[in-house]
Amino acid sequence: MRHWLMKSEPDEFSIDDLQRVGTEPWTGVRNYQARNFMRDGMKPGDRILFYHSNTKVPGVAGIAEVASKPYPDPTQFDPGSDYHDPRASREAPRWMLVDVGFVEKLPEVVSLEAIKAIADELDDFALVRRGNRLSVMPVTAGQYTRILKLARRS
DNA sequence: GCCAACGTTGGC
DNA sequence: GCCAACGTTGGC
């Protein structure tokens, strides 16, 4: 099983929203690297650190899982969608996504600050690399475990 | 709200 | 194919 981190702005879609709906198609990713991780790397059952970005206390707010195989993001075909991509067609879709399923809401957010504080244990964690803006990124099993350990102590 | 970082676009 | 301009991300 692989592990991932996926960012979401909680004002748009939070861990509570995911808990409410159960499963959510991860529409709207329009970055090739992030797409490639979903398209080429993700398998159903993979675990995901659900990260709240662009908010007061950014950090890992919960655990999710990959809940489908990759498939074309339907919003790319929808002229009425903000994510419409006129260069994409059904025959040649450009953007792929997976469904994300709720697993667990952490009792408290593991803040970016707390993650940075143990960065030396996380050897080269993509999230804390300067200037990183990727919304989907791989996480090693060790990184995944260490970050969750921060949520489970206390 | 600011702005650094950085991916994408498009003129040449 | 270079690279300046532009748009977006996301921490602060």
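This text gives an overview of the structure that appears in the document. Everything numeric here is computed off the predicted structure, so don't read it as measured data.

**Focus on the environment of Arg 47**
Part 1 of the reasoning: Of note, Arg 47 is situated in strand 3 (residues 47-52).
Part 2 of the reasoning: Take Arg 47: its relative accessible area is 27%, and that puts it in the partly exposed class.
Part 3 of the reasoning: Linking Arg 47 and Ala 141, residues 94 residues apart in sequence, is a C-alpha distance of 9.8 Å.
Part 4 of the reasoning: Setting aside anything within four residues of it in sequence, one finds Arg 47 in contact with Met 1, Arg 2, His 3, Trp 4, Ile 63, Ala 64, Glu 65, Val 103 and Tyr 144.

**Thoughts on helix 4 (residues 141-152)**
Part 1 of the reasoning: The end-to-end C-alpha distance of helix 4, which contains 12 residues, comes to 16 Å, matching closely the 16 Å that a straight helix rising 1.5 Å per residue would cover.
Part 2 of the reasoning: Gln 143, Tyr 144, Ile 147, Leu 148, Leu 150 and Ala 151 are the residues of helix 4 that are buried. For helix 4, the angular spread of the buried residues around the axis is 145°, confining them to a single face.
Part 3 of the reasoning: Next to the buried residues of helix 4 lie strand 1 (3-8), strand 3, strand 4 (59-66), strand 7 (99-111), helix 3 (112-117) and strand 8 (136-139).

**Focus on the pairing of strand 3**
Part 1 of the reasoning: Along strand 3, 5 of the 6 residues are buried, which leaves the element largely enclosed by surrounding structure.
Part 2 of the reasoning: Examined bridge by bridge, strand 1 and strand 3 share 6 bridges and lie parallel to one another. Within strand 3, the residue paired with His 3 across the bridge is Arg 47.
Part 3 of the reasoning: Pairing of strand 3 with strand 4, which is carried by 6 bridges, proceeds in the antiparallel orientation. By the bridge assignment for strand 4, His 52 is matched with Gly 59.
Part 4 of the reasoning: Counting the residues between successive antiparallel strands, the hairpin from strand 3 to strand 4 contains 6 residues, one of them, Asn 54, with a positive phi of roughly 55°.

**Focus: the pairing of strand 7**
Part 1 of the reasoning: Both strand 2 (residues 23-25) and strand 7 contribute to a ladder of 3 bridges, which runs antiparallel. Looking at strand 7, one finds that Thr 23 is bridged to Gly 101.

**Quick notes on the protein's contact with DNA strand B**
Part 1 of the reasoning: In the vicinity of DNA strand B, the residues found are Asn 31, Tyr 32, Arg 87, Arg 130, Gly 131 and Arg 133.
Part 2 of the reasoning: Here the atoms of DNA strand B within 4 Å of the protein split so that 76% fall in sugar or phosphate, with bases taking the remainder.
Part 3 of the reasoning: At 3.0 Å from a phosphate oxygen of DNA strand B is found a side-chain nitrogen or oxygen belonging to Arg 87.
Part 4 of the reasoning: Its residues assigned to classes, the surface near DNA strand B comprises 1 nonpolar, 2 polar and 3 charged.

**With respect to the packing of aromatic side chains**
Part 1 of the reasoning: Under the defined criterion, the tally for this structure stands at 4 aromatic pairs.
Part 2 of the reasoning: Ring geometry for Trp 4 against Phe 37: centres 5.9 Å apart, planes inclined by 55°, an arrangement best described as tilted. You can see Trp 4 sitting in strand 1 and its partner Phe 37 sitting in helix 2 (residues 32-41), a full 33 residues away along the chain.
Part 3 of the reasoning: Relative accessible area serves as the criterion here: at 21%, Phe 37 is assigned to the partly exposed category.
Part 4 of the reasoning: Chaining the aromatic ring pairs together yields one cluster made of Phe 13, Trp 26 and Phe 50.

What counts and how
- Residues numbered from 1 in each chain as written.
- Chains lettered and ligands numbered in written order.
- Predicted model: local features only at pLDDT ≥ 70, side-chain atom pairs only at ≥ 80, totals over all residues.
- Heavy atoms only, no water.
- Helix = DSSP H or I, 4+ residues; strand = E, 2+ residues; numbered from the N terminus.
- Buried < 20%, exposed > 50% of the residue type's maximum accessible area, 1.4 Å probe, protein only.
- Contact = heavy atoms within 4.5 Å.
- Expected span 1.5 Å × (residues − 1).
- Arc of directions from axis to C-beta.
- Pairing = 2+ DSSP bridges.
- Near = heavy atom within 4 Å.
- Polar contact = N/O pair within 3.5 Å; in protein donor to acceptor, adjacent residues only side chain to side chain.
- Nonpolar A, V, L, I, M, F, W, Y, C, P; charged D, E, K, R; others polar.
- Phe/Tyr/Trp six-rings, centres within 6.5 Å; stacked < 30°, edge-to-face > 60°.

Read these as layout, nothing more, since geometry by itself doesn't imply function.
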